[in-house]
Amino acid sequence: MLRVLVLVSGGGTNLQAIIDKVADGTVTNTEIVGVISNNYGVYSLERAANAGIPAEVVSPKDYPDRSSFNRALLAKLEDYKPDLIVLAGFLVVIPEIVIQKYEGRIINIHPSLIPSFCGTGYYGLHVHKAALERGVKVSGATVHFVDAGTDTGPIILQKAVYVEDGDTPEILQRRIMEQAEWEILPQAINLIARGEVKYVKKPDMRS
């Protein structure tokens, strides 16, 4: 049984997609063991409670500095003994100590077709605003493993979504969530749970 820990920052629509797909058997051999948010009072915590999943907050605001928060986050992750950590709209830079500890066991959902509109500063509506300003006709979402870079880890799944006339960032965001994110994130978890996808570390090109 794959022990999945989900990290969230906001409303938790991707979390709900995972919960639903585990509950209906679409995602197999998987247990959601916990939910951690960096923000208090967000709806994702209520979603977890409604599904009977332990949920708690580890907020940078509760610690004197980032280093203290990073250590606290790592300690909390270790409490859950996860096999896989899923970043489902987690708007916190993952500390290096966490990446080192869980290398190959962290995945993220990004709302574009990487390598387009990704990296530092590209999150949430900023991604969709940039895509519309550039005039792209196709966008989408990507699930990838997390490494030390920003949106640079190996890609697991992608799904394209057409941009339509009259789209705003908000409309495009919703369509990409409905048509891509809520499908490929649970699908990626299922592939990992079934042993059909494994992390392969990229070679160090500096040597």
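Located above this text is the structure these notes cover.
This report concerns the structure included in the present document. As the structure is a prediction and not an experimental result, all values here were calculated from the model.

On to the pairing of strand β2 (residues 30–37). The element β2 is extensively covered by neighbouring structure, given that 7 of its 8 residues are classed as buried. Where strand β1 (residues 2–8) meets β2, 7 bridges bridge the pair, whose relative direction is parallel. Paired with Val 6 across the bridge in β2 is Val 35. Taken together, β1, helix α1 (residues 13–23) and β2 constitute a β-α-β crossover, and its handedness is right-handed.

A few words on the packing of α1 against helix α6 (residues 169–193). Where α1 contacts α6, the two axes come as close as 9 Å, and the packing angle between them is 55°. By the angle between their axes, α1 is oblique relative to α6. At the point where α1 passes α6, the crossing takes the right-handed sense. From α1, Thr 13, Asn 14, Ala 17, Ile 18 and Lys 21 reach across to α6, where they touch Met 177, Glu 181, Trp 182, Leu 185, Pro 186 and Ile 189. Classifying every residue of the contact of α1 with α6 gives 7 nonpolar, 2 polar and 2 charged.

Applying the stated criterion to the full structure yields 9 salt bridges. For Asp 167, the salt bridge identified is with Arg 175, shortest N-O distance 2.7 Å. What makes Asp 167 buried here is its relative accessible area of 14%. On the basis of relative accessible area, Arg 175 is assigned to the buried category, the value being 10%.

Orientation of helix α5 (residues 125–134) relative to α6, taken along the N-to-C sense of each, is 110°, at an axis distance of 9 Å. Between α5 and α6, the interaxial angle falls into the category roughly perpendicular. Remark: the crossing between α5 and α6 carries right-handed chirality. Mapping the contact onto sequence places Leu 125, His 128, Lys 129 and Leu 132 in α5 and Pro 169, Glu 170, Leu 172, Gln 173 and Ile 176 in α6.

Here helix α3 (residues 66–80) contains 15 residues, and its C-alpha end-to-end distance of 22 Å stays within 8% of the 21 Å for a straight helix at 1.5 Å per residue. Residues Ser 68, Phe 69, Asn 70, Ala 72, Leu 73, Leu 74, Leu 77 and Tyr 80 constitute the buried set of α3. Residues of α3 that are buried in the fold lie against β1, β2, β3 (55–57), β4 (84–87) and α4 (96–101). You can read the cap of α3 off the contacts: a side-chain oxygen lies 3.3 Å from the backbone nitrogen of Ser 67, and it is on Asp 65. Positive phi appears at Lys 81, one or two residues downstream of α3, with a value of about 50°.

Before going further, it helps to spend a moment on the sheet that holds strand β7 (residues 155–162). Taken together, 7 strands build an open sheet; the order of strands is β3-β2-β1-β4-β5-β6-β7 and the sheet is mixed. Since the sheet does not close on itself, it has two edges, and those belong to β3 and β7, each with one partner. Taking the axes of each pair of neighbouring strands and ignoring which way they run, one obtains an average angle of 20° across the sheet. With 3 bridges joining them, β4 and strand β5 (residues 106–110) adopt parallel strand pairing.

Conventions adopted
Residues numbered from 1 in each chain as written. Predicted model: local features only at pLDDT ≥ 70, side-chain atom pairs only at ≥ 80, totals over all residues. Heavy atoms only, no water. Buried < 20%, exposed > 50% of the residue type's maximum accessible area, 1.4 Å probe, protein only. Helix = DSSP H or I, 4+ residues; strand = E, 2+ residues; numbered from the N terminus. Pairing = 2+ DSSP bridges. Right-handed = clockwise from strand over helix to strand, strands pointing away. Axes fitted to C-alpha atoms, helices over the stretch in contact; angles between N-to-C directions. Parallel < 35°, antiparallel > 145°, perpendicular 65-115°, else oblique. Left-handed = near helix turned anticlockwise from the far one by under 90°. Contact = heavy atoms within 4.5 Å. Nonpolar A, V, L, I, M, F, W, Y, C, P; charged D, E, K, R; others polar. Salt bridge = Lys/Arg side-chain N within 4 Å of Asp/Glu carboxyl O. Expected span 1.5 Å × (residues − 1). Polar contact = N/O pair within 3.5 Å; in protein donor to acceptor, adjacent residues only side chain to side chain.

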